[in-house]
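The residues making up each chain are set out below.
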Amino acid sequence: MAELFIEIFTEELPAIPLLKNLSNIKENWKKILKDNYLESHFDFFYTPRRLSFIHKDFALKQPDTKVESYGPPLAIAYDSNNNPTKAMQSFLQKNNITKDMVKTATKDNKEVLFYEKEVKGIESSKLLESMVITLLHSLHFGKSMRWGDCKDSFIRPIRNICIMLDNKNIPCNAYNIQGNNLIFAHRQAKDTNGEQKSHYATSIESYLDFLAQNGVILDQDRRKGLILQEIKELENKHNIKVEIDTDLLQEIVAITEYPHAMLGIFDEKFLKIPKEMIITSMKENQRYFAVYKDSNLFHGFVVVSNSFGGDFSLITKGNEKVLRARLEDAMFFYTQDIDSKMQFGSLDSISFMEGAGSLADKILREQNMANSLIALLNTKQIECSENEKALVIQALKYAKCDLLSQSVGEFPELQGIMGSYFAKDCGKEVEVCLAIREQYLPNGIQATLPSSKISALVNMANKLDTIFTLFNINKIPSGSKDPFALRRQAAAILKIAHQFGFDLSIKEICNLASKDYSNAKQDSLIDFMMERIYGIFPGVNPSIVRCVLLMGFGITQSFDKTLALASYFESVDIKSVIGTFKRVANILDNANLTKDITLNTTLFEESEAKLYNNLMAYINNKKTEITNHTLDSESYLAQIESLFSLKDDLDSVFDNVLIMTDNVELKQNRIGLITLVFKAFMEFGDMREIAV
C-alpha cells in the first residue's frame, strides 16, 4: 500500500455546474477504481482551480484473480465418436487454449467444459493514467470548451494533471499536456520574480503544506467553516444579523481558495425600494450576503473575497461602488413602475404559448377556472363566500401585470413579488396583494405553499389552466422531458389542496378541463395527476399509495390515509398482512363488495362470533372518534391500528372455519362476514394491492 494523490489543475471552474456534479465526480471515480480492482477510501477536495483526490492507502498493484470460463455440455462438445465438435473448437479458440488444458465442471446439473486461469494483477502505476483520463472523459458539466490544438473538451482548460503514487510522478499525456508534479499556489502568491508560485510536490504532505502556506485552503469544508466564523465575528462586532443563504454559501465556497468575509455599506436611501430588489441585486449579481439589524434589512452587505493578502479596504470600496450602480438602476426602475400605477401596457401583445393565445387570454381562462373550482368546492361543502370569490377574480386580473414592468424586466425572478408591491401602492386589498405575491409558490421541492385561502385558489387556477392548456395543445411531458415543469405544478396543486382541506378527488379536478379544454383527454390528465402522488411520497411503498388511490378518495383523505398506512406498516410484518389479504382475495370478487350484506349471527361459530363482535366494537368506536376529533393522519393511524387488531380474528376464522362449504346458507353467511370486514379495511385502501 502507498499514498496516491491526483490533482486536476484548471482555469477557474464555474461554481454552479461544479456543485451540481460533485456527487458524479466522486461516484465516477469510485466506479473506475472498482472496475480496475483498486477500490480504496479517498478524500475528494475542490477549489475553483483544482479537483483533488487523496488516497492514504492505495494498492501498488491489482490483486491476482482467477477467471472461470464455462463451455458447452460434454454431450455437445463431443460427437458420437468422441471427437471434438465445432462447439468445443469455438470454446478453445475463445479462450486461446488447447484441448488438454480443458477440465469439466457441473453447471445446472450438467457436466460442461471448464477452464480456469490465474490472471496476475497489473501494477497500479501502469493503470492510473488511463483511469484519470477515463474520469475526465466521464464528466459532463453541460457546456464544454476546447482550447489551443486540443481535440478533447472540458468545462474549462486543463493546465496540468498531477498523479503521484508512492511519492513518484506518474506521467499523464492528455488534453495536449504532459502531466507532471508541478503544483501552483493562489494566483496572488508570487515568487521573487513576480511569477505565480509553484512547487514540485514529492508527497501528499508536501502538496498540502505548499498549498496551505500559499493561499489555498484545499478542504472545502474548512473554507465553509472559515466563512461562517468570520461572518459571526462581523455580526458580533457590528450588532447585525447576516442572512445565510445555503446555496449562496456553497457557491462562494466553490469560487474561493482563500475566503475572507468583509462588511460593506450602501446608502440608506436605497432601503426605500423593496428589499427583494436589494437582496436579489446582492445575491444574484454580486454574490453578497444580505444583512439585517433589529429584524429590518440593514444598509450593508457581506462580501467574501478570494484575496490572499492585500488591502481589503480597497476591495470593500470597490464592491460598494459596483453595488451602488446596480441599486441606482433598481431604484430608477421601481420609481418609474410605481408612477405607472400598474398601467404597463397590454398583455394581448405577449404570447403565452403557440396555439394557446396571449397572456390576456390566459387570464380570462384562469378566471373561468377559478369560478369552476369555487363552484365545485361549494358542492363539497367547502364554502367560498361571494367576497372571497370576488377577491380571487380580482387577484387573477392583476396577477400578470408586473411582467411588463421595468422592475421584472431587470429582475425576472421577482415576478409576482413586484406585482404585489405595485398592487399595494394602488390600494388593492391585502388579500389580493398576497395572492399576487404567492401565485407561483411553491418554487422548489420543499418550498413554502400559499398562506391564505385566496392565494391558494389563485395559485391553483393558474396552475390548472397551465396544465390543461398544454395538454389541450398536446404538449404533454414524456419520459424525463418536462420543459414546462408540469409535473412540479401538478404536485403543487395536490399539496395545496391537501393543506387547505380541499378534499376533491383527482377525477373531479380533471373534470374541470371538460368545458374549455376539449382536446385534453380526461384519462391522460387523471393518470398524470395520479402519478404525481407517488412522487410526493418517495419513501413510501408504492403499493401502499396505489391501494389508497384505487378507492378514489379526495386529496386530503388520500394524503392522510397514505401517511397513516405507511406509518403503520413500518411497525408490523407486512408479509403477514399480505398473506391474510391474499386469502381474502381468493374468496371475494368485486361483485361481493357492491352487494348489501345481511348476516345471520345465529349461524356463527365461535371464531366468527368473535370477529363479528370485535368488528362492531371497532365501528362504534370509530363513530365516536369521528364525532369528537378532526380526521387527519394521526387520527387515521389510531383507527388503522384498531382496525388491524382484527387481523388475528380474521386469520382465526380462515384457520378454523371452512368458508367455501357445500352448505349454501353457511357459505353465503361466511362470505358476507369476510366481505363486511374487508369493507371496513376499504375505508383506507384496497389491502389486496399491498406488496413488498
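Provided above is the structure to which this section pertains.
Residues numbered from 1 in each chain as written. Predicted model: local features only at pLDDT ≥ 70, side-chain atom pairs only at ≥ 80, totals over all residues. Heavy atoms only, no water.

*Asks:* Tell me about the overall build of the protein chain, and please be specific about residues and values.
*Replies:* The helix and strand tally for the protein chain stands at 27 helices and 16 strands. Over its C-alpha atoms the protein chain spans a radius of gyration of 35 Å, topping by over 25% the 26 Å that the globule rule assigns to 692 residues. Principal axes of the C-alpha set define a box for the protein chain whose edges measure 105 × 100 × 50 Å. Relative to its 692 residues, the protein chain shows a buried fraction of 48%. Accessible area of the protein chain: about 34600 Å², with a carbon and sulfur share of 48%. Side-chain charges in the protein chain split into 79 positive and 90 negative, and the spacing between the mean points of these groups amounts to 4 Å. (Helix = DSSP H or I, 4+ residues; strand = E, 2+ residues; numbered from the N terminus. Rg over C-alpha atoms; globule rule 2.2 N^0.38 Å. Buried < 20%, exposed > 50% of the residue type's maximum accessible area, 1.4 Å probe, protein only. Areas by Shrake-Rupley, 256 points an atom, 1.4 Å probe, with all protein chains shown as cover. Lys, Arg positive; Asp, Glu negative; His and termini not counted. Charge placed at Lys NZ, Arg CZ, Asp CG, Glu CD.)

*Asks:* Which residues make up the packing of aromatic side chains, and what values go with them?
*Replies:* On inspection of all chains with the given rule, the structure shows 28 aromatic pairs. On the basis of an interplanar angle of 35 degrees and a centroid distance of 6.2 Å, the ring pair of Phe44 and Tyr46 is categorised as tilted. In this structure, Phe44 and Tyr46 share a single accessibility class: buried. For the ring pair Phe332 and Phe333, a centre distance of 5.9 Å and an interplane angle of 65 degrees mean the geometry is edge-to-face. Aromatic rings pair up to connect Tyr568, Phe569, Phe581, Phe644, Phe678 and Phe681 into one cluster. (Phe/Tyr/Trp six-rings, centres within 6.5 Å; stacked < 30°, edge-to-face > 60°.)

*Asks:* Explain the packing of helix α22 (residues 574-587) against helix α26 (residues 647-656) to me, using residue names and the numbers behind them.
*Replies:* Close contact between α22 and α26 brings their axes to 11 Å; oriented N to C, the two are set at 50 degrees. For the element pair α22 / α26, the angle class is oblique. In the crossing of α22 with α26, the sense of the turn from one axis to the other is left-handed. Where α22 approaches α26, its residues Ser576, Val577, Thr580, Arg583, Val584 and Ile587 are matched on the opposing element by Lys647, Leu650, Asp651, Phe654 and Asp655. Taken together, the residues of the contact of α22 with α26 break down into 5 nonpolar, 2 polar and 4 charged. (Axes fitted to C-alpha atoms, helices over the stretch in contact; angles between N-to-C directions. Parallel < 35°, antiparallel > 145°, perpendicular 65-115°, else oblique. Left-handed = near helix turned anticlockwise from the far one by under 90°. Contact = heavy atoms within 4.5 Å. Nonpolar A, V, L, I, M, F, W, Y, C, P; charged D, E, K, R; others polar.)

*Asks:* How would you sum up the sheet that holds strand β13 (residues 241-242)? Please name residues and give values.
*Replies:* Taken in spatial order, the 4 strands make up an open sheet running β13-β15-β16-β14, and their pairing is antiparallel. Two strands close off the open sheet at either side, each with one partner strand: β13 and β14 (260-265). Here strand β15 (residues 289-293) runs beside strand β16 (residues 296-305); their pairing, made up of 4 bridges, is antiparallel. Within β16, the position partnered with Tyr292 by the bridge is Leu297. (Pairing = 2+ DSSP bridges.)

*Asks:* Provide a residue-level description of the pattern of salt bridges, including the pertinent values.
*Replies:* Under the criterion given, the structure shown has 34 salt bridges. One salt bridge connects Glu243 with Lys283, and the closest N-O pair in it is separated by 3.1 Å. Here Lys283 lies in helix α9 (residues 275-286) and Glu243 lies in the loop between β13 and α8 (246-255), a separation of 40 residues in the sequence. Taking the relative accessible area as the measure of exposure, Glu243 reaches 29% and is therefore partly exposed. Lys283 gets classed as buried once you look at its relative accessible area, which sits at 14%. (Salt bridge = Lys/Arg side-chain N within 4 Å of Asp/Glu carboxyl O.)

*Asks:* I'd like to hear about a negative patch on the surface, residue by residue, with values.
*Replies:* Taken together, the side chains of Glu3, Asp57, Glu205 and Asp209 define an acidic patch exposed on the protein surface. As for its position among the elements, Asp57 is in strand β3 (residues 50-58). A relative accessible area of 49% places Asp57 in the partly exposed class. (Patch = residues over 30% accessible without salt bridge, like charges linked within 9 Å, V, L, I, M, F, W, Y side chains within 5 Å.)

*Asks:* Residue-level account of the pairing of β3, with values.
*Replies:* Burial runs high along β3: 7 of the 9 residues are buried. Sheet analysis places strand β1 (residues 2-10) next to β3, joined by 7 bridges and oriented antiparallel. Looking at β3, one finds that Ile8 is bridged to Leu51. Direction of pairing for strand β2 (residues 43-47) relative to β3: antiparallel, over a ladder of 5 bridges. The residue of β3 that forms the bridge with Tyr46 is Leu51. Hairpin connection, β2 to β3: the antiparallel pair is bridged by 2 residues.

*Asks:* Describe helix α16 (residues 453-472), with residues and values.
*Replies:* What sets the pattern is the α-helix's 3.6 residues per turn: residues three or four places apart point alike. The end-to-end C-alpha distance of α16, which contains 20 residues, comes to 28 Å, matching closely the 28 Å that a straight helix rising 1.5 Å per residue would cover. The element α16 is largely enclosed, with a buried count of 18 among its 20 residues. One or two residues past the end of α16 sits Asn474, with phi positive at roughly 65 degrees. (Expected span 1.5 Å × (residues − 1).)

*Asks:* Please provide a residue-by-residue account of the packing of helix α21 (residues 555-569) against helix α25 (residues 633-644), values included.
*Replies:* Contact pair α21 / α25: the axes reach a minimum separation of 8 Å and the direction vectors enclose 50 degrees. By the criterion of interaxial angle, the relationship of α21 to α25 is oblique. Of the two possible hands of crossing, α21 and α25 adopt the one that is right-handed. Residue-level contacts link Gln557, Asp560, Lys561, Leu563, Ala564, Leu565, Ser567, Tyr568 and Phe569 of α21 to Ser633, Tyr636, Leu637, Ile640, Glu641 and Phe644 of α25. Among the residues forming the contact of α21 with α25, the class breakdown is 9 nonpolar, 3 polar and 3 charged.

*Asks:* Any details on the sheet that holds strand β5 (residues 103-107)? Residues and values, ideally.
*Replies:* Spatially, the 3 strands line up as an open sheet ordered β4-β6-β5, and their pairing is antiparallel. Either end of the sheet is taken by a strand with one partner, and the two such strands are β4 (65-73) and β5. Direction aside, neighbouring strands of the sheet carry axes that sit 45 degrees apart on average. Across 5 bridges, β5 lies against strand β6 (residues 110-119) in antiparallel orientation. From the neighbouring strand, Lys103 faces β6, where its bridge partner is Phe114.

*Asks:* Could you give me a rundown of the nonpolar core, with the residues and numbers involved?
*Replies:* Membership of the largest hydrophobic core comes to 137 residues, with the highest contact counts inside it found for Leu565 and Phe644. Residue contributions to this core peak at 11 residues, all from α16. Discounting residues that sit within four places of it in the chain, Phe644 has contacts with Leu565, Tyr568, Phe569, Val577, Phe581, Phe681 and Met687. Residues Ala15, Leu38, Ile231 and Ile252 belong to the second largest nonpolar core, which totals 58 residues. (Core = buried A, V, L, I, M, F, W, Y, C linked by side-chain atoms within 4.5 Å.)

*Asks:* Account for the side chain of Ser455, naming residues and giving values.
*Replies:* Topologically, Ser455 is positioned in helix α16. Only 3.5 Å separates the side chain of Ser455 from the backbone nitrogen of Ala435, close enough to count as a polar contact. Setting aside its immediate chain neighbours within four residues, Ser455 contacts Leu434, Ala435, Glu438 and Pro450. (Polar contact = N/O pair within 3.5 Å; in protein donor to acceptor, adjacent residues only side chain to side chain.)

*Asks:* Can you explain the pairing of β6? Please cite residues and give values.
*Replies:* One ladder, built from 7 bridges, connects β4 with β6; its direction is antiparallel. Across the sheet, the residue bridging to Val67 is Lys117, located in β6. Between the end of β5 and the start of β6, which pair antiparallel, lie 2 residues, with Asp108 showing a positive phi angle near 55 degrees.

Keep in mind that these numbers describe shape and distance, not what the molecule does.
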